[in-house]
Amino acid sequence: MHNTRKITDDLTFLGVNDRRIALFENVFPVSRGVSYNSYLLKDEKTVLLDTVDKSAHDQFLENLAYALDGRKLDYLVVNHMEPDHAATIQDVVEKYPELKIVCNAKTQTMLKQFFSFDVDADTMIIKEGDVLETGKHKLTFIMAPMVHWPEAMVTYDVTDKILFSADAFGTFGALNGNIFADEVDFEKDWLDDARRYYTNIVGKYGAQVQALLKKASGVEISMICPLHGPIWRENLGWFIDKYQKWSTYEPEENTVLLIYGSVYGHTESAMDILAGKLADKGVKNIKVYDVSKTHYSEIVAEAFRCSHLVIGSISYNGGIFCNMETVLNDLKAHALKNRKVAIVENGTWAATASKQIKAMLETMGNMEVLEPTVTLKSALKDEQEEDLNKLADAIYSSMK
């Protein structure tokens, strides 16, 4: 049985869902699963835009055969070679041997690395700005290197003004019948996953995303068809603005993210008290996370959302608490910058965490450390409440 959806009269959605997957890329928890999107354009020539993960092989081939309705497949456009979108390419080639694979030179090299069919005989190499005419439709190609692999590109349908955006504008989460963003409450139910997807998968490559956004701004876009998550046909500017902020490392909200590493709860208690003091001052949408409990991908996403970070860490083995160090290294790896940061440290006999945290922050871009640093000796004492008051004042003053 097929599971396809009409997007326009001649464009069909062939995407499939994976709700059994636990870890995307064997790293990121995806409690709501993920969708692998693929599209078929039926013109005088037929064009398949990307394939799907190997786990969805059977359903995808059934969808494709149904959508073709007995017609041959003329072209397969490969926008991105990551296996969650490309693993079934050889299966498609074997089933439709007359097709031509439309791709760039870097993609052709990767095809040879992944597969064993005669890649040179089956590929049509295109460059930036080349046009593929399929009848009434004209497809042109925009290179998007490092968004987020070096071969990545996007395809633009000049006729219908549709951007097939590869991994750009994607999100975690399986699709539940509604394939369009305007059919769901995206801000309530999808934005967190979209932010977590962008920041963790693409976040390091802000400059490259900016380059793609500038190229895309030169064409009129009526619809965005990504390789994960809902299709955009309304309110595109709202979501593009999110990408503008994320890719320039501009905070979405003037608010505070507090993250802590605590073994026996004393540092945790100080961070909760500080969060309450900030709330009393009127700060909204504060988030507090235990780095030993919350997956670092969620913390990375929240750090992109928030203007201010508070890092609370015990000293551990003469250094930063191990799970906190992992989070900080991940924030650095994803190029987070332009944040104001406060520090709370704790050490029973040698409080050294703040010094090392500051050294890590100095290796990141434009991370302003707020004073005072609060130092606990084992547990927060009543007389140290004033230290937390001063830190709350400093954070709040810097938010104005």
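What counts, and at which threshold
- Every chain's residues receive numbers from 1 upward, in the order its sequence appears when written.
- Reporting in this predicted model follows two pLDDT cut-offs: at least 70 for local features of residues, and 80 or more for side-chain atom pairs to be given and counted; totals over whole chains, interfaces and linings ignore these cut-offs and use all residues.
- Derived side-chain values reflect all non-hydrogen atoms in the structure, with water molecules and hydrogen atoms excluded from consideration.
- Only DSSP runs of H or I covering at least 4 residues are called helices, and only runs of E covering at least 2 are called strands; the numbering of each starts at the N terminus.
- Relative accessibility decides the category of a residue: with a 1.4 Å probe and only protein chains considered, values under 20% of the type maximum give buried, values over 50% give exposed, and everything between is partly exposed.
- Note on contacts: a residue pair is in contact if any heavy atoms of the two residues lie within 4.5 Å.
- Positive charges come from Lys and Arg alone, negative charges from Asp and Glu alone, with His and the N- and C-terminal ends not counted.
- Charged side chains are reduced to one point each, which is NZ for Lys, CZ for Arg, CG for Asp and CD for Glu.
- Whenever a nitrogen or oxygen atom comes within 3.5 Å of another N or O atom, the pair is scored as a polar contact, on the condition that within protein one atom can donate a hydrogen and the other can accept it, and that pairs from neighbouring residues in sequence are kept only if both atoms are in side chains.

## Some thoughts on the overall build of the chain
Here's step 1: Counting secondary structure elements, the chain contains 14 helices and 23 strands.
Here's step 2: Projected onto the principal axes, the alpha-carbon positions of the chain cover approximately 80 × 40 × 35 Å.
Here's step 3: Each of the 400 residues in the chain was classed as buried or not, and the buried ones make up 56%.
Here's step 4: Look at the contacts in the chain between residues 6 or more apart in sequence, and 72% of them connect residues 24 or more apart.
Here's step 5: Side-chain charges in the chain split into 43 positive and 58 negative, and the spacing between the mean points of these groups amounts to 2 Å.

## Considering the environment of S55
Here's step 1: Mapped onto the secondary structure, S55 falls in the loop between β8 (46–49) and α1 (57–68).
Here's step 2: Under the relative-accessibility criterion, S55 is labelled exposed at 51%.
Here's step 3: Measuring from C-alpha to C-alpha, the distance between S55 and T88 comes to 9.3 Å, with 33 residues separating the pair along the chain.
Here's step 4: Beyond its immediate chain neighbours, meaning those up to four positions away, S55 contacts D18 and Y36.
Here's step 5: Here D18 takes part through its side chain, which lies 3.5 Å from a polar atom of the side chain of S55.
Here's step 6: Polar side-chain contacts of S55 include one of 2.7 Å to the side chain of D53.

Note that all results are geometric; they support no functional claim without further evidence.
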